[in-house]
Amino acid sequence: MMQGETAVVVTEDAVAQAAICLQQVSKAYRRNREHIQVLDNLDLQVNKGEMISIMGPSGAGKSTLLDVISGVTTADGGQVLLAGHDFALLSEAQRTQVRGRHIGFIFQFYCLIPVLNAWQNIELPLGLWKMSKADRQIRVNAALDMVAMKHRQQHLPSELSGGEQQRIAIARAVVSNPDIVLCDEPTGDLNREMGKTIMTLLRQLCVEYGKTVVVVTHDHDVALYADRHYRLENGRLLEENAAEVKARV
Ligand SMILES: Nc1ncnc2c1ncn2[C@@H]1O[C@H](COP(=O)(O)OP(=O)(O)OP(=O)(O)O)[C@@H](O)[C@H]1O
Ligand SMILES: [Mg+2]
């Protein structure tokens, strides 16, 4: 074992408790004759209400890992359990349903719809749910409150700062009340101060609302907001302590 590596022991009970459980997961991309082994017998367990960070070099497979966790991408081998659902046993439609119920996504470039205002962007995921207009309004207003953005609800994305756009994206990610939030470089396009605001909000999602949060980042200051820290390298995850994370440049 390498320094900082921790063996992952998964018991039946622990599996039932876990929000995310990956066992011996592999994923390769094949392009022409090239075979790129991105995930190689990777294990990961994230408990409910926990926040973890994942760092690693560009091209290591961090975004691919998030796609496998959410079922957007199918693993070649191994088991992916999300909130107790085994993706291998589900149809594409069922996977989409599980994803819609359990997962919220946050990306580096916010991915807001430019022609919709902040309120309408947050409301968007609720279109998948049967819900009265009144319930919809309650949900959107609560999400706006959570990110302290009510005063900008009529603004188009182009009329918001980067940090404000990310706060709207966070509200959109949680409006349908998912229990797991996956973030791919959530502060990548923001200055330090705005980055801190966003990480404080993500931390709050975990501590106050009990959500499970996975944060992929290049920034070790960002990673340190998490309870546990991983590094993705050579297709596997190594757990690192805070001192090891800080020591990385
Ligand atoms: N659809 C695809 N077809 C072929 N190769 C791909 C595909 N998607 C990703 N890859 C390759 O798989 C590897 C992992 O990509 P991934 O996007 O997961 O990396 P990453 O760790 O998120 O990188 P970054 O930090 O730059 O975002 C890269 O080498 C990439 O070129
Ligand atoms: Mg990536």
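Everything that follows concerns the structure shown earlier in this document.
Below is a short write-up of the structure. Being a predicted model, the structure only gives us computed values, none of them experimental.

## Here we look at the overall build of the protein chain
Then, in step 1: Of the regular secondary structure elements, the protein chain holds nine helices and ten strands.
Then, in step 2: Since a compact globule built from 249 residues should have a radius of gyration of about 18 Å, the 18 Å found for the protein chain is in line with a globular shape.
Then, in step 3: For the C-alpha atoms alone, the extent of the protein chain along its principal axes is close to 55 × 40 × 40 Å.
Then, in step 4: Looking at the protein chain residue by residue over its 249 residues, the buried ones come to 49%.
Then, in step 5: Of the contacts made within the protein chain by residues no fewer than 6 positions apart, 69% connect residues no fewer than 24 positions apart.
Then, in step 6: In the form shown here, the protein chain has an accessible surface area of approximately 12,400 Å², with 50% of it arising from carbon and sulfur atoms.
Then, in step 7: Taking the average place of the 26 positive charges on the side chains of the protein chain and the average place of its 29 negative ones, the gap between the two points comes to 5 Å.

## Digging into the sheet that holds strand E9 (residues 228-233)
Then, in step 1: Spatial strand order, E6-E7-E8-E3-E9-E10: six strands in an open sheet with mixed pairing. Looking at strand neighbours, the two that pair on one side only are strand E6 (103-107) and strand E10 (236-240), the edges of this open sheet. Across the sheet, the mean angle separating the axes of adjacent strands is 20° when strand polarity is ignored.
Then, in step 2: Alignment of strand E7 (residues 180-184) against strand E8 (residues 212-216), held across five bridges, turns out to be parallel. Across the sheet, the residue bridging to Ile180 is Thr212, located in E8.
Then, in step 3: Each of E6 and E7 touches helix H3 (residues 92-102); the most contacted strand, E6, lies at about 75° to it.

## Details of the site of ligand 1
Then, in step 1: Around ligand 1 there are 13 residues in total, and Ser58, Gly59, Gly61, Lys62 and Thr64 lie nearest to it.
Then, in step 2: At 2.7 Å from an oxygen atom of ligand 1 is found a side-chain nitrogen or oxygen belonging to Lys62.
Then, in step 3: Relative to its unbound accessible surface of 640 Å², ligand 1 loses 61% to contact with the protein.
Then, in step 4: The element contributing the most residues to the shell around ligand 1 is helix H2 (residues 62-70), with three residues.

## A look at the pairing of strand E3 (residues 51-55)
Then, in step 1: The buried fraction of E3 amounts to five of the five residues, a majority that puts the element mostly inside the structure.
Then, in step 2: Neither face of E3 is left uncovered, since the one carrying Met51, Ser53 and Met55 and the one carrying Ile52 and Ile54 both have all their residues buried.
Then, in step 3: For E3 and E8, the ladder comprises four bridges, and the chain directions are parallel. Of the residues in E8, the one forming a bridge with Ile52 is Val214.
Then, in step 4: Judged from the four bridges that link them, E3 and E9 form a sheet pairing that is parallel. When the sheet's bridge partners are listed, Ile54 is paired in E9 with Tyr230.

## With respect to unusual backbone geometry
Then, in step 1: Non-glycine residue Asn41 carries a positive phi angle of around 50°.
Then, in step 2: By secondary structure assignment, the location of Asn41 is in strand E2 (residues 34-47).
Then, in step 3: Assessed through its relative accessible area of 30%, Asn41 is described here as partly exposed.
Then, in step 4: Phi at Asn177 takes a positive value of approximately 55°, unusual for a residue other than glycine.

## Structural notes on helix H6 (residues 162-174)
Then, in step 1: Compared with the 18 Å implied by 1.5 Å per residue over 13 residues, the 19 Å span of H6 between its first and last C-alpha is a close match.
Then, in step 2: By the criterion of burial, H6 is predominantly enclosed, with twelve of the 13 residues buried.
Then, in step 3: Turning to H6, its buried residues are Gly163, Glu164, Gln165, Gln166, Arg167, Ile168, Ala169, Ile170, Ala171, Arg172, Ala173 and Val174.
Then, in step 4: Buried residues in H6 make contact with E6, helix H4 (118-123), helix H5 (133-146), E7 and helix H7 (192-207).

## Things to note about the pattern of salt bridges
Then, in step 1: Tallying each qualifying case throughout the model produces eleven salt bridges.
Then, in step 2: The residue Arg228 makes a salt bridge to Glu50 at a minimum N-O spacing of 2.6 Å. You can see Arg228 sitting in strand E9 and its partner Glu50 sitting in the loop between E2 and E3, a full 178 residues away along the chain.
Then, in step 3: Arg228 sits in the buried class, given a relative accessible area of 18%.
Then, in step 4: Take Glu50: its relative accessible area is 13%, and that puts it in the buried class.
Then, in step 5: As a salt-bridge pair, Arg95 and Glu92 come within 3.2 Å of each other at their nearest N and O atoms. Taken together, the residues Arg95 and Glu92, both in helix H3 and three residues apart, mark about one turn of the helix.
Then, in step 6: Residues participating in the shared-partner salt-bridge network are Glu50, Arg228 and Glu239.

Thresholds, definitions, all that
- Residues numbered from 1 in each chain as written.
- Chains lettered and ligands numbered in written order.
- Predicted model: local features only at pLDDT ≥ 70, side-chain atom pairs only at ≥ 80, totals over all residues.
- Heavy atoms only, no water.
- Helix = DSSP H or I, 4+ residues; strand = E, 2+ residues; numbered from the N terminus.
- Rg over C-alpha atoms; globule rule 2.2 N^0.38 Å.
- Buried < 20%, exposed > 50% of the residue type's maximum accessible area, 1.4 Å probe, protein only.
- Contact = heavy atoms within 4.5 Å.
- Areas by Shrake-Rupley, 256 points an atom, 1.4 Å probe, with all protein chains shown as cover.
- Lys, Arg positive; Asp, Glu negative; His and termini not counted.
- Charge placed at Lys NZ, Arg CZ, Asp CG, Glu CD.
- Pairing = 2+ DSSP bridges.
- Axes fitted to C-alpha atoms, helices over the stretch in contact; angles between N-to-C directions.
- Near = heavy atom within 4 Å.
- Polar contact = N/O pair within 3.5 Å; in protein donor to acceptor, adjacent residues only side chain to side chain.
- Expected span 1.5 Å × (residues − 1).
- Salt bridge = Lys/Arg side-chain N within 4 Å of Asp/Glu carboxyl O.

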